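Chain residues, written in single-letter form:
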Amino acid sequence: MRHADVVVIGGGPAGLAAAIAARQGADRSVLVIERDVKLDGILNQCIHNGFGLITFNEELTGPEYAARFEQRAREAGVDFLLDSMVLDISNDRVVTCVSAGHGLVQVQAGAVVLAMGCRERPRGALNIPGFRPAGVYTAGTAQRLVNIEGLMPGREVVILGSGDIGLIMARRMTLEGAHVACVAELMPFSGGLKRNIVQCLDDFQIPLLLSHTVTRVEGEKRVEAVWVSEVDEHLRPIPGTEVRYPCDTLLLSVGLLPENELSRQAGVELSRVTRGPVVNESLETSVPGIFACGNVLHVHDLVDYVSQEAAVAGAHAAAFADAQAAGRELAAAHEVPVEAAGGIRYTVPQSIDPARMPDRLTVRFRVGGVYEHRAVCVYLDGERILRRKRDILVPGQMEQVDLRREDLLAHGTLDKITLTLEEA
Ligand SMILES: Cc1cc2nc3c(=O)[nH]c(=O)nc-3n(C[C@H](O)[C@H](O)[C@H](O)COP(=O)(O)OP(=O)(O)OC[C@H]3O[C@@H](n4cnc5c(N)ncnc54)[C@H](O)[C@@H]3O)c2cc1C
């Protein structure tokens, strides 16, 4: 049995930023356990630029962005266990992993940070009729084949789903010589960022078909065509609207799911909306001493926000580990629930203790539809403390508001914090 003050599970951008923060201020042992043979997570395959504008005020590729954090983590003295898959976390924070080099390893952690990222929703979750021919890939698998393995999945492509990875792969496949016939999106709006729609579809004249879905995949051994139909307001295909697109490849970009099997095993409460852990203002889950950040907590649009959030989780995990080591009791919490209303789907965190929060606390959220000319409002019980006008809010873009500790403390006894949208 090894010991580490803070164990971080996952060596992607979230895990690296959490580990760096956990090393700051004291000589704590911080161990990152990563199942891959290398660090940096999914950013290894994101070779396009656009990363780091907020953090570094520069446009970097995914690997460049991640390399800066990896270097900082190494300089900070973080320990790494690579090629090691975490299998279990007990609720007294014993982390069990299996490692190619070390066999079965158990680590007693003072605190744990969950940073396992997310995975893509596969075809099986979609119920598309047809055989199971070759040529159907998730967009992330295609990204890996093209950018890391140097393989082209196909030449004539249809993409289902307009999440960011699908949009980026539409451009990537085109640049590599494939023809992308269309991107079909079930919803009446895109799930991706506006900048990706412009730079990845519009600039290459790739049509985006909103309120459309794939209703049939043709071909037994290899995809030969897909049928795309328009859907009604209940998202049901409209008979007679089918169009057949001859193609050899169907890419799926139909959502990301936080990777939470370990969290569930550890008894962490999960949100039905984000599918990630429910956390308080310290990004601590319902199990004391287990913290969460990055895409395992909720799916992010920009990696810069992943790094910011992870630094918060890492710092709080370190404080928890310090208290444990010193045998200090942490002050009892009075956590006030944060309610998402009026078109806001969820918030992270889902509860806040005003006494423990920092002077300014960032609350991140996403909306459930497209909203124009609205105001994002924050209420403490019935009292409005914040109203911010927005021209447009879309589901593909993560939003945030900053709450001030002095406002929450000044309110006195508080039962509920509400984030809502109102007419501007
Ligand atoms: C296919 C794909 C493509 C993407 N492309 C873009 C893009 O182009 N632009 C963009 O801004 N964002 C993109 N994203 C979003 C991107 O994932 C996030 O911005 C960021 O990488 C999230 O960081 P993370 O550390 O939370 O997760 P990840 O980068 O996914 O890192 C999680 C790490 O945890 C490890 N891990 C998981 N389970 C275990 C376990 N049990 N034991 C040990 N290690 C474990 C994984 O191997 C991985 O290294 C993409 C996401 C995906 C899934």
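Residues numbered from 1 in each chain as written. Predicted model: local features only at pLDDT ≥ 70, side-chain atom pairs only at ≥ 80, totals over all residues. Heavy atoms only, no water.

Draft legend 1. Spatial organisation of the sheet that holds strand S26 (residues 399–404). Overall, antiparallel pairing links the three strands, which are arranged S21-S23-S26 in an open sheet. On the outer flanks of this sheet lie strand S21 (344–348) and S26, each paired with one strand and no other. Neighbour-to-neighbour, the strand axes of this sheet turn through a mean angle of 30 degrees, independent of strand direction. (Pairing = 2+ DSSP bridges. Helix = DSSP H or I, 4+ residues; strand = E, 2+ residues; numbered from the N terminus. Axes fitted to C-alpha atoms, helices over the stretch in contact; angles between N-to-C directions.)

Draft legend 2. Examining the sheet that holds strand S15 (residues 225–230) more closely. Reading across the sheet, the three strands line up as S14-S15-S16 and stay open at both edges, with antiparallel pairing between neighbours. Both edges of this open sheet fall to strand S14 (212–218) and strand S16 (243–246), since each of them pairs with a single strand only. Adjacent strand axes in the sheet meet at a mean angle of 30 degrees when their direction is disregarded. Taken together, the four bridges between S15 and S16 define a ladder with antiparallel strand orientation. In the strand pairing of S16, Trp227 is matched with Arg244.

Draft legend 3. Quick peek at helix H5 (residues 194–201). Listed as buried for H5 are Asn196, Ile197, Cys200 and Leu201. For H5, the angular spread of buried residues about the axis comes to 105 degrees, placing them on one side. If you follow the buried residues of H5, they end up packed against helix H4 (164–175), strand S12 (179–185) and strand S13 (208–210). (Buried < 20%, exposed > 50% of the residue type's maximum accessible area, 1.4 Å probe, protein only. Arc of directions from axis to C-beta. Contact = heavy atoms within 4.5 Å.)

Draft legend 4. Structural detail: the site of the ligand. Around the ligand sit 31 residues, and of these Ala14, Glu34, Ile42, His48 and Asn295 come closest. In this structure, an oxygen atom belonging to the ligand sits 2.9 Å away from a main-chain N or O atom of Ala14. One of the side-chain nitrogen or oxygen atoms of His48 is found 2.7 Å away from an oxygen atom of the ligand. Protein coverage of the free-state accessible area of the ligand, which is 970 Å², stands at 94%. At the level of secondary structure, the elements contributing two or more residues to the shell around the ligand comprise helix H1 (13–23), strand S6 (84–89), helix H3 (139–149), H4 and helix H7 (303–326). Here the element with the most residues in the shell around the ligand is S6; it accounts for three residues. Here the shell around the ligand is composed, by residue class, of 17 nonpolar, eleven polar and three charged. Counting contributing residues per domain, the shell around the ligand is built from domain 1 (1–120 + 255–329) and domain 2 (122–254), each supplying no fewer than three. (Near = heavy atom within 4 Å. Polar contact = N/O pair within 3.5 Å; in protein donor to acceptor, adjacent residues only side chain to side chain. Areas by Shrake-Rupley, 256 points an atom, 1.4 Å probe, with all protein chains shown as cover. Nonpolar A, V, L, I, M, F, W, Y, C, P; charged D, E, K, R; others polar. Domains from an automatic or database assignment.)

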